[in-house]
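Structural description and commentary
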Amino acid sequence: MTTVAVSVAPRPGSPRRTPVASNAVVGMAIFIAAEVMFFAALAAAFTITRISAGGTWPPPGQPRLPVEATAANTAVLLASGIAMVIAGRRSAVHAARSTSALGLALALGAAFVALQGYEWVGLLREGLTMRSGPHGSFFYLIVGAHALHAVAGIIALAVAFARARSGRLAQTYLAGARLYWCFVVLLWPALYWRVYL
Amino acid sequence: MSDAHAHHDEGWVKKYLWSTDHKIIGMQYLFTGMLMALLGGYFAYAFRMQLGFPNQPVPGFGLVSPNEYNALVTNHGTIMIFWVAMPVLIAAFGNFLIPLMIGCDDMVFPRLNRLSYQIFLVSALVLLASFFVPGGGFGGAWTAYPPLSSQAKFSLTPAGSTLWLLAVALEFVAFLIGGINFVTTVMNSRAPGMKWHDIPVVIWMIVIASIVFMASVGPLVAGAVMLLMDQQFGTGFYDPIRGGDPILWQHLFWFFGHPEVYVVLLPAMGIVIEVIAVFSRKKVFAYKMVLYTAFATGILSFFVWAHHQFVAGIDPRMANVFTVTTLLISVPIAEMLFVTIATLYGGSIRLDTPMLWAVAFVAEFLLGGVTGIYLGSSGSDIYFHDTYFVLAHFHYTFVPIAIIAVFAGITYWYPKMFGRMLDERLGKLHFWLTVIAFNFIFIPLFITGAAGDHRRIYDYTKFPDLARPELQNLRALATVATVVMLSAQVIFLYNFFKSMRSGKRAEANPWQANTLEWLAPSPPPHGNFAELPTVHRGPYEYSVPGRDLDYWPQSDPPEDDAAPDAAPEAAR
Amino acid sequence: MRRAIAGAAPVAALLAALMVTLPVLACPVCGTPKNEATQQAFVGSTVFLSLLPLAMIGGLVGAAVWRIRRLEREAATEAPPRAHAPPGDGPAPVADADRATTR
Ligand code: HEM
Ligand SMILES: [Cu+2]
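Within each chain, residue numbers correspond to sequence positions counted from 1 in written order. To read the labels, note that chains go from A and ligands from 1, taken in the order they are written. The predicted origin of the model limits local features to residues at a pLDDT of at least 70 and limits the giving and counting of side-chain atom pairs to 80 or more, whereas totals for whole chains, interfaces and linings rest on all residues. The side-chain figures draw on all heavy atoms in the structure; neither hydrogens nor water molecules are used.

The next point concerns the site of ligand 1. All names here are of chain B. For ligand 1, the set of nearby residues contains 22 residues, the closest of which are W142, D381, H385, H393 and R455. Residues adjacent in sequence count toward polar contacts only when both atoms are side-chain atoms; beyond that, a polar contact is any pair of N or O atoms within 3.5 Å, and within protein one must be able to donate a hydrogen and the other to accept it. Contacts to ligand 1 include D381, whose side-chain N or O atom sits 2.5 Å from an oxygen atom. Residue H393 places a side-chain N or O atom 2.9 Å away from a nitrogen atom belonging to ligand 1. By the criteria applied, helices consist of DSSP H or I runs no shorter than four residues and strands consist of E runs no shorter than two, each listed in order from the N terminus. Counting residues per element, the ones that place at least two in the shell around ligand 1 are α8 (246-280), α10 (316-344), α11 (353-376) and α13 (388-418). Nearness is judged by heavy atoms alone; a residue qualifies as near a molecule or strand once a single heavy atom is within 4 Å of it.

Quick look at the structure:
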């Protein structure tokens, strides 16, 4: 083999094989699988602790979680997910056409997090804290972990929104962000069922 | 220094520290791993001296206090598994080999790749920092069972245990990013013509290991977050008095912990199979079988973890089930070993240094795997649990994996990595010293373990039953052998760094192997291949009847196009 | 497929049979018995956590295989003549020269 000085001008992304899915989507799907395991473990740990406690849940003397208000909030998040799916559909036609749907998804997602925060303030007032026993610890841990993921998703949505407005939104970015946001949205009802009901 | 590099268009920092080139990142992982291995070895030296020659000052360390002993043992294990085995076997070899062996110019996410190493580096620094905070490094064993790990009043290391946990968690993030990169790259960037069954075994193994890692790490991260909160925010997830459950941590830990052993085993097995095929000049015996076996191992590895908790008061029904699954998983493992032996059988074997290491892997790992069966039967494990028998068991698996197979890989790919050949004489000397000393460390420990040595004891002189001279002599023997094995590594380091400057220059394909990395120049330039290759056949076409060469590179165009007068293709 | 099921059945039966064990206080494996509900919660979450990764990996691999098949079918129907000829990346003579030097 001759050791020719190799010209490494970046070989422009000539597709070397038809990818099954874009790199962004494959990478994100794997990441989400790992995240699902993370949340599954939290839920399993919570279930075990809750069952070991025996009797009623929440334990006597502990504040009850705002089941109904959160149900409404769940609907807000689901709506945000639907808006995101619509944004994806529209951008398949033309990137700029996804702007309004993206904006809607962003606003609804932000509203979800804000409402959750409002609820937390109320619960803290009622005396439910991280240290007040397994009920509080697991509540803040699981819901807080989801909230952090939601905030990350909102940032990704905001970036997508800004890029869409200035016409620089790449399809792959949107595809990755959409997949992630769908994960955040669909995870929530499962957590709601486990933690609140 | 900077003058010598002036003709490069990038600066030294940009080229070696801030690079997105997969080979540089692989080397960063390799060198960091080697440094950490030296540290882990030093720790082992210190605590082994305390066990072999109790309560005497250790040369180069001083008197080992009980707390220091605990911190040394804990961090020895942690470092060797998370900062040596994982980064070297998966990250270093994965980064270096994947793009080269599948014939592309880099990973699909080069910047994420760089980020992965940087996070890893930070994690190593956090771990190092944990030795210097008030209270010292964490000493609650690498498994970090609560309540010892969760409350400062038990661990006595308020800051050390949190930093330790943080370092481990950061390290997982680094490998999660790396794993995503590996799997996506292999899926989407293979050279044209490379079908699933043309991918070299070692790449398959790294991919399967990454998948198993990513699917099992989530629960441990969840458990670690809970443990961190117990340590720092006063929650009681693992505190039975406050409604928590310490067994919960064991489940979350071992849910990851057992798959983890296969995460490191599979790449090691891949390296060994690769080397054995090349140096026996034979096709890998039953390539597809190896793949399916590796898949089966990956799947089964999720169903055995509770064998670590047989004595922890878990549900006896569960203990029964896990006994059976544990015995089941030895079947695919044994099968992979048989495949390597079948590949050796009837080959024209060349005993170069890489091959010596590969064969030693098979021999030594066998012993580790077989002793696992004793431990996997819940009945006998009641006796063996937490004795030196367990310790010898897992060192007979981990040392072949993280040391022997890694040396097989390093000596085999060294010409590709650095463009020069290692010294064979020094290599063989290093091999024999290391492997012989290794057996002299752990065979005595099997015996002391079977005689009842509990594995977390600082000073056996306090236990009349165990302080008997025949046992103490075995402990001293193991310690002396440790010193010999560690000293032998000096030979390797000398050979490694000296050959880098003055070794014989390596051709592109010094071992006459088939896989694509040998097509690139040694060392491969940025971008790897002058012209990205196309694949025409599987990776193990050695000694094909009717060919005058006994190897057949994957990228060579079929004979009948290139040379019309060649013999008819018998093998295809 | 049917053979695989037939092979797995005895193993599953064995595992099920092992589940009828009772705790024995004298036995160190059993330790202090927890209440039955907790034990079942542990068993349940063990099953759940063990099967979940397999389901996800199976799902993702299945989706990938399905899409690969579809892409291959599309490629085959779109361009039948070139379907099997790998696109020549470089001019053949250069490759020959390289081979000559390696020999
Ligand atoms: C792939 C190679 C293997 C590695 C790297 C490995 C590693 C380990 C490690 C690190 C431990 C000790 C954990 C601790 O308590 O600190 C361990 C214990 C154990 N191993 Fe392995 N192992 C391997 C293969 C096997 C096999 C094939 C089996 C069974 C057939 C097995 C069965 C066990 C059992 C039952 C224990 C628990 C013993 C006890 O703590 O009482 N291992 N192994
Ligand atoms: Cu295990």
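Shown as donors are all N, O and S atoms within 2.8 Å of a metal ion, widened to 3.2 Å for Na, K and Ca; because water is not in the atom set, sites may appear incomplete. Exactly one donor from the protein chain reaches the iron atom of ligand 1: H393 of chain B (NE2), at 2.2 Å. In this model, the iron atom of ligand 1 sits 4.4 Å from the copper ion (ligand 2).

Once that is clear, we can look at the pattern of salt bridges. All names here are of chain B. Counted as salt bridges are all cases of a side-chain nitrogen of Lys or Arg within 4 Å of a carboxyl oxygen of Asp or Glu. Across all of its chains, the model carries 13 salt bridges over all chains by this definition. With a closest N to O distance of 3.3 Å, R455 and D386 form a salt bridge. Residue R455 is located in the loop between α14 (424-450) and α15 (469-502), and its partner D386 is located in the loop between α12 (378-384) and α13; the two are separated by 69 residues in the primary sequence. Summarising the burial analysis for this pair, R455 and D386 share the class buried. The buried label goes to any residue with under 20% of its type's maximum accessible area, the exposed label to any with over 50%, and the partly exposed label to all in between, with areas taken from a 1.4 Å probe on protein chains only.

Before going further, it helps to spend a moment on the packing of α8 of chain B against α13 of chain B. All names here are of chain B. Helix axes are fitted only over the stretch in contact, all axes being lines through C-alpha atoms; the angle between N-to-C directions runs from 0 to 180 degrees. Packing of α8 against α13 leaves a shortest axis separation of 9 Å and a crossing angle of 40 degrees. Classified by the angle their axes make, α8 and α13 are oblique. In the crossing of α8 with α13, the sense of the turn from one axis to the other is left-handed. The residues of α13 that touch α8, namely those facing V261, V264, L265, A268, I271, V272, E274, V275, V278 and F279, are F398, I401, A405, A408, G409, Y412 and W413. Charged means Asp, Glu, Lys or Arg here, nonpolar means Ala, Val, Leu, Ile, Met, Phe, Trp, Tyr, Cys or Pro, and polar covers whatever is left, Gly included. Of the residues in the contact of α8 with α13, the class split is 15 nonpolar, one polar and one charged. Any angle that falls under 35 degrees is termed roughly parallel, while one over 145 is termed roughly antiparallel, one within 65 to 115 roughly perpendicular, and all others oblique. When the near helix sits turned anticlockwise from the far one by under a right angle, the crossing is termed left-handed; a clockwise turn instead gives a right-handed crossing. Should any heavy atoms of two residues lie within 4.5 Å, those residues are counted as being in contact.

Attention shifts here to the packing of α11 of chain B against α14 of chain B. Residues and elements named next belong to chain B. Contact pair α11 / α14: the axes reach a minimum separation of 10 Å and the direction vectors enclose 10 degrees. Between α11 and α14, the angle falls in the class roughly parallel. Residues T353, P354, L356, W357, A360, E364 and T371 of α11 form the contact with α14, whose own contacting residues are E424, G427, K428, H430, F431, W432, T434, V435, F438, N439 and F446. Tallied by class, residues from the contact of α11 with α14 come to nine nonpolar, six polar and three charged.

Glancing now at the interface of chain B and chain A. Contact residues are listed per partner, giving 46 residues for chain B and 31 residues for chain A. When two components associate, each loses some accessible surface as probed by a 1.4 Å sphere; the sum of these losses over both components is called the buried area. Carbon and sulfur atoms supply 69% of the area that chain B and chain A bury against each other, a total of about 3200 Å² over both sides. Counting the contacts that link chain B with chain A gives zero salt bridges. Viewed at the interface, chain A and chain B are joined by three residue pairs in polar contact (both at pLDDT 80 or more). The dominant element in the side of chain B that touches chain A, judged by the number of residues it contributes, is helix α7 (residues 201-232) of chain B, at nine residues. Split into classes, the residues belonging to the side of chain B that touches chain A amount to 31 nonpolar, twelve polar and three charged.

So, about the side chain of H258 of chain B. Residue and element names in this part refer to chain B. Tracing the backbone shows H258 in helix α8. In terms of polar contacts, H258 uses its side chain to reach the side chain of Y262, at 3.2 Å. If we skip the residues at most four places from it in the chain, H258 touches S301, V304, W305, H307 and H308.

Before going further, it helps to spend a moment on the coordination of the copper ion (ligand 2). Note on the copper ion (ligand 2): its protein donors are H258 of chain B (ND1), H307 of chain B (NE2) and H308 of chain B (NE2). The metal-donor distances range over 1.7 to 2.1 Å. Between consecutive donors of the copper ion (ligand 2), the numbers of intervening residues give the motif H-x48-H-H.

Residues and elements named next belong to chain B. When two rings of Phe, Tyr or Trp (its six-membered ring) have centres within 6.5 Å they constitute a pair, described as stacked for plane angles under 30 degrees, edge-to-face for angles over 60, and tilted for the intermediate range. Scanning all chains against the criterion turns up 72 aromatic pairs over all chains. Ring centres 4.7 Å apart and planes at 65 degrees place the aromatic pair Y412 and W413 in the edge-to-face group. Pair check on accessibility: Y412 and W413 agree, each one buried. In this structure, R190 is placed above the aromatic ring of W196, and the distance from its NZ or CZ to the ring centre is 4.3 Å. The ring of Y460 has R475 lying over it, and the distance from NZ or CZ to the ring centre is 3.9 Å. Criterion for a charge above a ring: Arg CZ or Lys NZ at most 6 Å from the ring centre, at most 35 degrees from the ring normal.

Okay, the interface of chain C and chain A next. Taken together, the contact pairs 19 residues of chain C with 15 residues of chain A. Counting each side, the surface lost to burial between chain C and chain A is near 1400 Å², with a carbon and sulfur contribution of 78%. Of all residues in chain C, L49, M56 and L71 of chain C give up the largest surface area on contact with chain A, accounting jointly for 27% of the area buried on that side. At the boundary of chain C and chain A, one finds zero salt bridges. Seen at the junction of chain C and chain A, the total is zero residue pairs in polar contact (both at pLDDT 80 or more). Ranked by the residues each element gives to the side of chain C that touches chain A, the list is headed by helix α2 (residues 36-78) of chain C, at 15 residues.

Limitation: the analysis is restricted to geometry and does not speak to function.
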